[in-house]
Amino acid sequence: MWARSGLRFVLVGEMHGTTETPAIFGDLVCSARATKRTIIVGVELREQQALEVFMGAENHDADVKELLSTAEWKRDDGRTSTAMLALVQELRALKVNGLVSGIVAFSASHAGESAAKGEERMAAAILRAADRNPEALVIVLTGNVHACKQILPEVGSYRLMASFLPPAQTVSLVVTDRGGQAWNCQNGTCGPNALGPSGGVNRGVKLMSPHAGFDGVLSTGLAATASSPASR
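Every residue gets a number counted from 1 within its own chain, in the order that chain's sequence is written. Reporting of local features is limited, given that this is a predicted model, to residues whose pLDDT is at least 70; pairs of side-chain atoms are given and counted only at 80 or more, and all residues count toward the totals for whole chains, interfaces and linings. Heavy atoms throughout the structure, all of them, feed into the side-chain values; hydrogens and water do not.

A. Structural view of helix α4 (residues 82-96). The secondary structure listing takes helices from DSSP runs of H or I that are at least 4 residues long and strands from runs of E that are at least 2 residues long, numbered from the N terminus. A helix is expected to reach a length of 1.5 Å times the quantity of its residues less one. For α4, with 15 residues, the first-to-last C-alpha span of 21 Å sits near the 21 Å given by 1.5 Å per residue. Only protein chains enter the accessibility calculation, which uses a 1.4 Å probe; a residue is then buried when its area is under 20% of its type maximum, exposed when over 50%, and partly exposed in between. For α4, every residue scored as buried is listed here: Ala-83, Met-84, Leu-85, Leu-87, Val-88, Leu-91, Arg-92 and Leu-94. For α4, the elements touching its buried residues are α1 (20-31), β2 (39-43), α2 (48-56), α3 (60-68), β3 (102-105) and β4 (137-143). Of the residues trailing α4, Gly-98 is marked for its positive phi of about 75 degrees. Two residues qualify as a contact provided that any one of their heavy atoms is within 4.5 Å of a heavy atom in the partner residue.

B. Up close: the packing of α1 against α4. At a minimum axis distance of 9 Å, the contact between α1 and α4 shows a crossing angle of 15 degrees. Between α1 and α4, the angle is such that the two are roughly parallel. Considering how the two elements wind past one another, α1 and α4 form a crossing that is right-handed. Contact with α1, carried on its side by Pro-22, Phe-25, Gly-26, Val-29 and Cys-30, involves Ala-83, Met-84, Leu-87, Glu-90, Leu-91 and Leu-94 of α4 and no other residues of that element. Its residues placed into classes, the contact of α1 with α4 shows 9 nonpolar, 1 polar and 1 charged. For every element, the axis is a line fit to its C-alpha atoms; helices are fit only across the contacting stretch, and the angle between N-to-C directions ranges from 0 to 180 degrees. Working rule for angles: under 35 degrees goes down as roughly parallel, over 145 as roughly antiparallel, 65 to 115 as roughly perpendicular, anything else as oblique. By definition, turning the near helix anticlockwise from the far helix through less than a right angle yields a left-handed crossing, and turning it clockwise yields a right-handed one. Each residue is assigned to one of three groups, with Ala, Val, Leu, Ile, Met, Phe, Trp, Tyr, Cys and Pro labelled nonpolar, Asp, Glu, Lys and Arg labelled charged, and all others, Gly among them, labelled polar.

C. Just the nonpolar core, in detail. Residues grouped as a nonpolar core are buried Ala, Val, Leu, Ile, Met, Phe, Trp, Tyr and Cys residues, joined through side-chain atoms within 4.5 Å. Formed by 38 residues in total, the largest nonpolar core has its most connected members in Val-29, Val-41, Trp-73, Leu-91 and Ile-139. If one sorts the elements of this core by residue count, α4 sits on top with 6 residues. Not counting residues within four places of it along the chain, the set of residues in contact with Leu-91 comprises Val-29, Val-41, Val-43, Met-55 and Ile-103. Within the second largest apolar cluster, 24 residues are counted, among which are Val-140, Cys-148, Val-174 and Phe-214.

D. Layout of the pattern of salt bridges. Only one rule defines a salt bridge in this text: a Lys or Arg side-chain nitrogen within 4 Å of an Asp or Glu carboxyl oxygen. Applying the stated criterion to the full structure yields 8 salt bridges. Its salt-bridge partner being Arg-79, residue Asp-77 comes within 2.6 Å of it at the nearest N-O pair. Overall, Asp-77 belongs to the buried group, its relative accessible area being 13%. What makes Arg-79 partly exposed here is its relative accessible area of 22%. Where Arg-121 meets Glu-113, a salt bridge forms, and the shortest distance between an N and an O atom there is 2.8 Å. Each of Glu-44, Asp-77 and Arg-79 takes part in one network of salt bridges that share partners.

E. How the structure looks around the state of the cysteines. Any pair of cysteine sulfurs within 2.5 Å is marked as a disulfide. The full count for this structure, using the stated rule, is 1 disulfide. The disulfide bridge from Cys-185 ends at Cys-190, spanning 1.9 Å between sulfur atoms. Residues Cys-185 and Cys-190 share a disulfide whose torsion about the S-S bond is about 100 degrees; that sign makes it right-handed. On the basis of relative accessibility, which here comes to 41%, the residue Cys-185 falls in the partly exposed class. The partly exposed category is assigned to Cys-190, whose relative accessible area is 28%.

F. Structural context of the environment of Ala-226. Assignment of secondary structure puts Ala-226 in the segment after β9 (216-219). The sequence separation of Ala-226 and Glu-20 amounts to 206 residues, and the corresponding C-alpha distance is 8.8 Å. Ignoring any residue separated from it by four or fewer positions in sequence, one finds Ala-226 in contact with Gly-17, Thr-19, Gln-181, Ala-182, Trp-183 and Pro-192.

G. Geometry of the sheet that holds strand β5 (residues 170-176). Taken in spatial order, the 7 strands make up an open sheet running β3-β2-β4-β1-β5-β9-β8, and their pairing is mixed. Each edge of the open sheet carries a strand with a single partner, namely β3 and β8 (204-207). Strand-to-strand twist in this sheet, taken as the mean axis angle between neighbours without regard to direction, amounts to 20 degrees. Here the rule is simple: two strands pair whenever DSSP picks up at least two bridges between them. As paired strands, β5 and β9 are joined by 4 bridges and run parallel to one another. Counterpart to Leu-173 in the pairing with β9 is Gly-216. Contacts from α2 reach β2 and β3, with the element oriented near 155 degrees to β3.

The structure is reproduced here in structure tokens:
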């Protein structure tokens, strides 16, 4: 995949709230170092300033506490899970060592905004980050709906985030696993919920995905385990 001509964007579409996906995403970012290109990482967080402070801070323990005190990290869903905190800490270490150029929080919320506009705005944030360094490789972890390149009628009749990125320069991967549990909110209740198997038996990337709207799969090869909110 890294040798693909013209590649600029790699999207990884996950079911929020597992332990395994943020971990394998971190491995994917590390593997991209073989390209010798500048690497920018996008995460589905809202507060860029809080992320910047954390990435540049020197007192690790104090700054983890400070990050978890922000409004975003008090949410009770998988986007701010213990596994996501571990990923952010890993990205911080990569950035400190010059292996990652920057980390972009692309999901800032806007009151009254339609879902369709939100998809377009998230893509615009990723494109802005890429345009600041046209030679960079941008690797993004997001929800699997946002990473789909085609309209999903069950979601709505509007374009999703991935479709606003240049198609020839974008590879979108959907995460697959052996099923298990994910920490998310369903019917007003948040906690571990069952996750059906999605065919991810063998760990790694496979292009030519059987899933419509994606270019390939990123398989953990593992059963999914729920990762609870980091602030708990």
